[in-house]
Amino acid sequence: MSEADEKAEAEKADEKKAHVATVRRLEQSSGKLAAAAISRMDEQLSWYRAMPPENRSWIGLVAQAGIAAFIEWYRHPDTPQAISTDVFGTAPRELTRAITLRQTVELVRTTIEVVESAVEELAPPGGASSLRNALLVYSREIAFATAQVYAQAAEARGAWDARLESLVVNAVVSGEADESDVSRAAALGWNTPEHVTVVLGSAPNGDSELTVEAIRRAARYAKLQVLTGVLGKRLVVIAGGSDDPVQAAKALIGPFASGPVVAGPVVGDLLAATRSAQAAAAGLRACAAWPDAPRPVLADDLLPERAMAGDPAARRLLVEEIYRPLQEAGSALLETLSVYLEQASSLEGAARMLFVHPNTVRYRLRRVTDVTGWPPSDVRSAFTLRVALMLGRLADADSGI
């Protein structure tokens, strides 16, 4: 063997001896290093000090596992090892909810800094450089492992949240929402807004997740809270935070497919949103009878079409909110409105039939508007009023009035 070979062999032997000595010192100091890391976290990281004892205990275990994993990795640097399992497998999955990715990076960095500050005393003479380089490589590996753990947790949480949101949306649309659905919504970040409306329309073809994400982006821009999902061919959005259902629907209309989009009436909470959803669904079915309906359109603006399509809620609203108030306001209003509509909305024709001055008819029609909110001079409102009169008379006939 040449002198050069002998020298190389001697250097390898020295390196191996130094490596073994470093591993031994690391093992002997692992508890001390972990304690120093916890102490430094307590000094430097305010969020760590504010955590409950249970979570601080889990973080301590993660720090210890990180140091132990580094020692094992340093012992066999060429052996593939699952660092994420070694380090983060000691803590429950819920810990990723308790601390953010940024906080996890801070605790990993703090632990690495503690080990790095002790390199000179951990390594034997001449071994500090090797240990420092190994620590640098391990830091990179642990950074990738941290990102992987949080990515997997986010993916799992996203899938779970999507299922949870779908359950809530389906319960509201089907009329089966209860307090458990309110709790599920709260877990999704629903902060019980005072004004809630349900918007329905056709879902576009393609990936429903992309549609849902587009709704969420639109909601963030409009400062609305939403629970949304694609149910069959329908895109359903429960929107909270606006007392104007049309404005809320306009803000969210972009991701909907072509065709009618219907906004239900504003209600006070998520449980009452079932009523808004049912009105919107009935309106969506009845939209075919009003091809020129605006987009979006209020479900209550579709009351005549809904009534003709057999919606009992629409029939009841037309009778209770239009016919009965007119009936209670006096027979003159009902008679005048009926004659005015029969005379093709002619003031003079109605006045002749009623034997009154046109100004009297005009005054009574203003009173009809005040009582019902529907002006008889508007073509669309006149149609709604006519349907309400028919349904009211039918209701009177059924009750024997």
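Basis of the calculations
Residues numbered from 1 in each chain as written. Predicted model: local features only at pLDDT ≥ 70, side-chain atom pairs only at ≥ 80, totals over all residues. Heavy atoms only, no water. Helix = DSSP H or I, 4+ residues; strand = E, 2+ residues; numbered from the N terminus. Buried < 20%, exposed > 50% of the residue type's maximum accessible area, 1.4 Å probe, protein only. Contact = heavy atoms within 4.5 Å. Areas by Shrake-Rupley, 256 points an atom, 1.4 Å probe, with all protein chains shown as cover. Pairing = 2+ DSSP bridges. Axes fitted to C-alpha atoms, helices over the stretch in contact; angles between N-to-C directions. Salt bridge = Lys/Arg side-chain N within 4 Å of Asp/Glu carboxyl O. Phe/Tyr/Trp six-rings, centres within 6.5 Å; stacked < 30°, edge-to-face > 60°. Lys NZ or Arg CZ within 6 Å of the ring centre and 35° of its normal. Expected span 1.5 Å × (residues − 1). Arc of directions from axis to C-beta. Polar contact = N/O pair within 3.5 Å; in protein donor to acceptor, adjacent residues only side chain to side chain. Core = buried A, V, L, I, M, F, W, Y, C linked by side-chain atoms within 4.5 Å. Parallel < 35°, antiparallel > 145°, perpendicular 65-115°, else oblique. Nonpolar A, V, L, I, M, F, W, Y, C, P; charged D, E, K, R; others polar.

**Student:** So, the overall build of the protein chain: which residues are in play, and what are the values?
**Tutor:** The helix and strand tally for the protein chain stands at 18 helices and five strands. Relative to its full complement of 401 residues, the protein chain shows a buried share of 43%. For the protein chain, contacts bridging at least 24 residues in sequence account for 68% of all contacts bridging at least 6. When the accessible area of the protein chain is evaluated, it comes to approximately 21300 Å², of which 52% is carbon and sulfur surface.

**Student:** How would you sum up the sheet that holds strand 3 (residues 234-240)? Please name residues and give values.
**Tutor:** Spatial strand order, 2-3-1-4-5: five strands in an open sheet with mixed pairing. Each edge of the open sheet is held by one strand with a lone partner, namely strand 2 (225-231) and strand 5 (297-298). Two strands pair when backbone bridges link them, and strand 1 (residues 196-202) and strand 3 are joined in this way by seven bridges, in the antiparallel orientation. Its bridge partner being in strand 3, Thr197 is matched across the sheet by Ala239. Sitting on the sheet, helix 10 (residues 208-222) touches strand 2 and strand 3, and the angle it makes with strand 2 is about 160 degrees.

**Student:** Describe the pattern of salt bridges, listing the residues and the values that go with them.
**Tutor:** The final tally for this structure, using the stated rule, is 15 salt bridges. For Arg132, the salt bridge goes to Glu120, with nearest N and O atoms at 3.2 Å. Placement of the pair is Arg132 in helix 8 (residues 128-174) and Glu120 in helix 7 (residues 119-122), with a sequence separation of 12 residues. Assessed through its relative accessible area of 33%, Arg132 is described here as partly exposed. We classify Glu120 as exposed; its relative accessible area is 56%.

**Student:** Now, about the packing of aromatic side chains: what can you tell me, with residues and values included?
**Tutor:** Applying the stated criterion across every chain, the model contains one aromatic pair. Ring centres of Trp47 and Tyr48 lie 6.4 Å apart, and the angle between their planes is 90 degrees; on these two criteria the pair is classed as edge-to-face. Here Trp47 matches Tyr48 in class, with each residue buried. Here the basic side chain of Arg380 rests over the ring of Trp290, its NZ or CZ set 3.5 Å away from the ring centre.

**Student:** Give a description of helix 15 (residues 331-342) that names residues and reports values.
**Tutor:** Relative to the 16 Å expected for 12 residues at 1.5 Å per residue, helix 15 spans 16 Å between its end C-alpha atoms, a close match to the ideal helical length. Along helix 15, the residues that are buried comprise Leu333, Leu334, Thr336, Leu337, Ser338, Val339, Tyr340 and Leu341. In this structure, the buried residues of helix 15 make contact with helix 14 (312-329), helix 16 (347-354), helix 17 (358-372) and helix 18 (379-399).

**Student:** Just give me the short version of helix 10, but keep the residues and values in it.
**Tutor:** Between its first and last C-alpha atoms helix 10 spans 21 Å; for 15 residues at 1.5 Å apiece the expected length is 21 Å, and the two agree. Looking at helix 10, one finds that the buried residues are Thr211, Val212, Ala214, Ile215, Ala218 and Ala219. Viewed end-on, helix 10 has its buried residues packed into an arc of 160 degrees, placing them on one side of the element. Exposed positions of helix 10 whose direction lies more than 90 degrees from the buried face are Glu209, Leu210, Arg220 and Tyr221. Of the residues that open helix 10, the one with a side-chain oxygen 2.9 Å from the backbone nitrogen of Glu209 is Asp207.

**Student:** Describe in detail the nonpolar core, supporting the description with residues and values.
**Tutor:** Taken as a class, soluble globular proteins show a tendency for nonpolar side chains to be buried jointly. With 35 residues, the main nonpolar core has Met41, Trp47, Ile59, Phe70, Tyr74, Leu107 and Leu131 as its most contacted residues. With nine residues, helix 3 (residues 53-75) is the single largest residue contributor to this core. In contact with Tyr74, other than residues within four places in its own chain, are His19, Thr22, Val23, Leu26, Ser130, Leu131 and Ala134. In this structure, Leu318, Leu326, Tyr340 and Val368 belong to the second largest nonpolar core, which totals 28 residues.

**Student:** An account of the packing of helix 16 against helix 17 is requested, with residue identities and associated values reported.
**Tutor:** Running from amino to carboxyl end, helix 16 crosses helix 17 at an angle of 105 degrees, the nearest separation of the two axes being 8 Å. Between helix 16 and helix 17, the angle is such that the two are roughly perpendicular. Contacts between helix 16 and helix 17 involve Leu347, Ala350, Ala351 and Leu354 from the first element and Pro358, Val361, Arg362, Arg364 and Leu365 from the second. Broken down by class, the residue content of the contact of helix 16 with helix 17 amounts to seven nonpolar, no polar and two charged.

**Student:** Lay out unusual backbone geometry with the relevant residues and their values.
**Tutor:** The amide bond that connects Arg295 to the next residue, Pro296, takes the cis arrangement and shows omega of 0 degrees. Along the chain, Pro296 turns up in the loop between helix 12 (273-286) and strand 5. Not every positive phi belongs to a glycine, and Thr192 is a case in point at roughly 45 degrees. By the element assignment, Thr192 lies in the loop between helix 9 (179-187) and strand 1. Take Thr192: its relative accessible area is 57%, and that puts it in the exposed class. In this model, Ser345 sits at a positive phi of 60 degrees, which is unusual for a non-glycine residue. Within the element layout of this structure, Ser345 appears in the loop between helix 15 and helix 16.

**Student:** Can you tell me about the side chain of Thr110, naming the residues and giving the values?
**Tutor:** Residue position: Thr110 is located in helix 6 (residues 101-117). Given the relative accessible area of 4%, Thr110 is considered buried. Here Thr110 is in contact with Ala37, Arg40, Met41 and Leu45, once residues within four sequence places are set aside.

**Student:** Account for the environment of Ala288, naming residues and giving values.
**Tutor:** Here Ala288 lies in the loop between helix 12 and strand 5. The class for Ala288 is exposed, based on a relative accessible area of 69%. Distance in space between the C-alpha atoms of Ala288 and Glu305 is 8.7 Å, their sequence separation being 17 residues.

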